[in-house]
Amino acid sequence: YGVSKYITDIRGLSVIGQHTLAIMILHFAAFKVITLIEIAYYGLPLYVLAAFPTYQGNTIWGIGYCIVGVIIPVMLAIFWGRFKNAYRCRISNI
C-alpha cells in the first residue's frame with residue numbers, strides 16, 4: 001500500500017495512468033515518428049515506414065520508441081480533452 005501511495009503521488013505517472021487507453025490505441029502510430037527519424041538518419045527508403053510495428057535498425061532506438069510511444073499519445077489525449085471541453089462550453093452558450 002505504501003509503494004502504491006507513493007507512485008500515485010508522482011504527477012507524471014499519474015497522468016500516464018489516466019491516459020492508458022490513449023497510449024494503448026496510439027502507441028504504434030507514435031512509433032512512426034521515431035521510424036521517420038531513423039529513415040532520415042540512416043538514409044533508408046521511405047517504404048521502411050511501413051515496417052510493423054517498428055524498423056529494427058538498432059536497439060538504442062528502443063529508448064526513443066518507449067518515450068515517444070507514451071508521450072505523444074498522452075499529449076494528444078490531453079489536447080483532445082481540452083478541445084472537447086472548450087467546444088462543449090461554446091455549444092452550451094449558444
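Being a predicted model, the structure only gives us computed values, none of them experimental. Each residue is numbered by its place in its chain's sequence as written, counting from 1. Predicted model: local features are reported for residues with pLDDT of at least 70 only, side-chain atom pairs are reported and counted for 80 or more only, and whole-chain, interface and lining totals are derived from all residues. The side-chain quantities take in all heavy atoms of the structure and omit both hydrogens and water.

Caption draft 1: Region of interest: the overall build of the protein chain. Helix and strand counts for the protein chain stand at four helices and zero strands. Burial classes follow relative accessibility: with a 1.4 Å probe on protein chains only, a residue under 20% of its type's maximum area counts as buried, one over 50% as exposed, and anything between as partly exposed. In the protein chain, which comprises 94 residues, the proportion classed as buried is 20%. Surface summary for the protein chain: the accessible area is close to 7200 Å², and the carbon and sulfur share equals 71%. Segments assigned H or I by DSSP are reported as helices when at least four residues long, segments assigned E as strands when at least two residues long, and all are numbered from the N terminus. Calculation of accessible area relied on Shrake-Rupley with a 1.4 Å probe; when residues are assessed, cover is drawn exclusively from the protein chains displayed.

Caption draft 2: Examining the side chain of glutamate 38 more closely. The residue glutamate 38 is located in helix H3 (residues 20–42) in this model. Within the buried set, glutamate 38 has no salt-bridge partner at all; the shortest N-O distance to an opposite charge, 9.2 Å, is to lysine 32. Looking at glutamate 38, its side chain comes within polar contact range of the side chain of tyrosine 65, at 2.5 Å. In this charge count, Lys and Arg are treated as positive and Asp and Glu as negative; neither His nor the chain ends contribute. Throughout this description, the term salt bridge denotes a Lys or Arg side-chain nitrogen within 4 Å of a carboxyl oxygen of Asp or Glu. Polar contact criterion, stated in full: a pair of N or O atoms within 3.5 Å, where within protein one must be able to donate a hydrogen and the other to accept it, and residues adjacent in sequence count only if both atoms are side-chain atoms.

Caption draft 3: The arrangement of the confidence of the model for the protein chain in detail. Confidence per residue, as judged by the predictor, is encoded in pLDDT with a range of 0 to 100. Overall, the predicted model of the protein chain reaches an average pLDDT of 83, with 89% of residues at or above 70. Ranking the elements of the protein chain by mean pLDDT puts helix H1 (residues 2–9) last with 75 and H3 first with 90.

Caption draft 4: Spotlight on the environment of isoleucine 23. Here isoleucine 23 is to be found in helix H3. For the pair isoleucine 23 and valine 70, spaced 47 residues apart in the sequence, the C-alpha separation amounts to 5.9 Å. Only heavy atoms matter for contacts: two residues are in contact if any of them lie within 4.5 Å across the pair. The contacts of isoleucine 23, once residues within four sequence positions are left out, are Ile16, Gly69, Val70, Pro73 and Val74.

Caption draft 5: Inspection of the packing of aromatic side chains at higher detail. For this analysis, a ring pair means two rings from Phe, Tyr or Trp (six-membered ring only for Trp) whose centres lie within 6.5 Å, classed as stacked if their planes differ by under 30 degrees, edge-to-face if by over 60, and tilted for the remaining angles. In total, this model carries seven aromatic pairs according to the counting rule given. Residues tyrosine 42 and tryptophan 61 carry aromatic rings whose centres are separated by 6.1 Å and whose planes lie at 65° to one another, so their mutual orientation is edge-to-face. Of the two residues, tyrosine 42 is situated in helix H3 and tryptophan 61 in helix H4 (residues 61–92); the sequence distance between them amounts to 19 residues. Note on tryptophan 61: relative accessible area 16%, which makes it buried. Measuring from ring centre to ring centre gives 5.7 Å for tryptophan 80 and phenylalanine 83, while their planes differ by 35°; the resulting arrangement is tilted. Taken together, the residues span about one helical turn, with tryptophan 80 and phenylalanine 83 both in helix H4 at a distance of three residues. Judged by its relative accessible area of 49%, tryptophan 80 falls in the partly exposed class. Its relative accessible area of 42% is what places phenylalanine 83 among the partly exposed residues. Chaining the aromatic ring pairs together yields one cluster made of Phe28, Phe31 and Tyr65.

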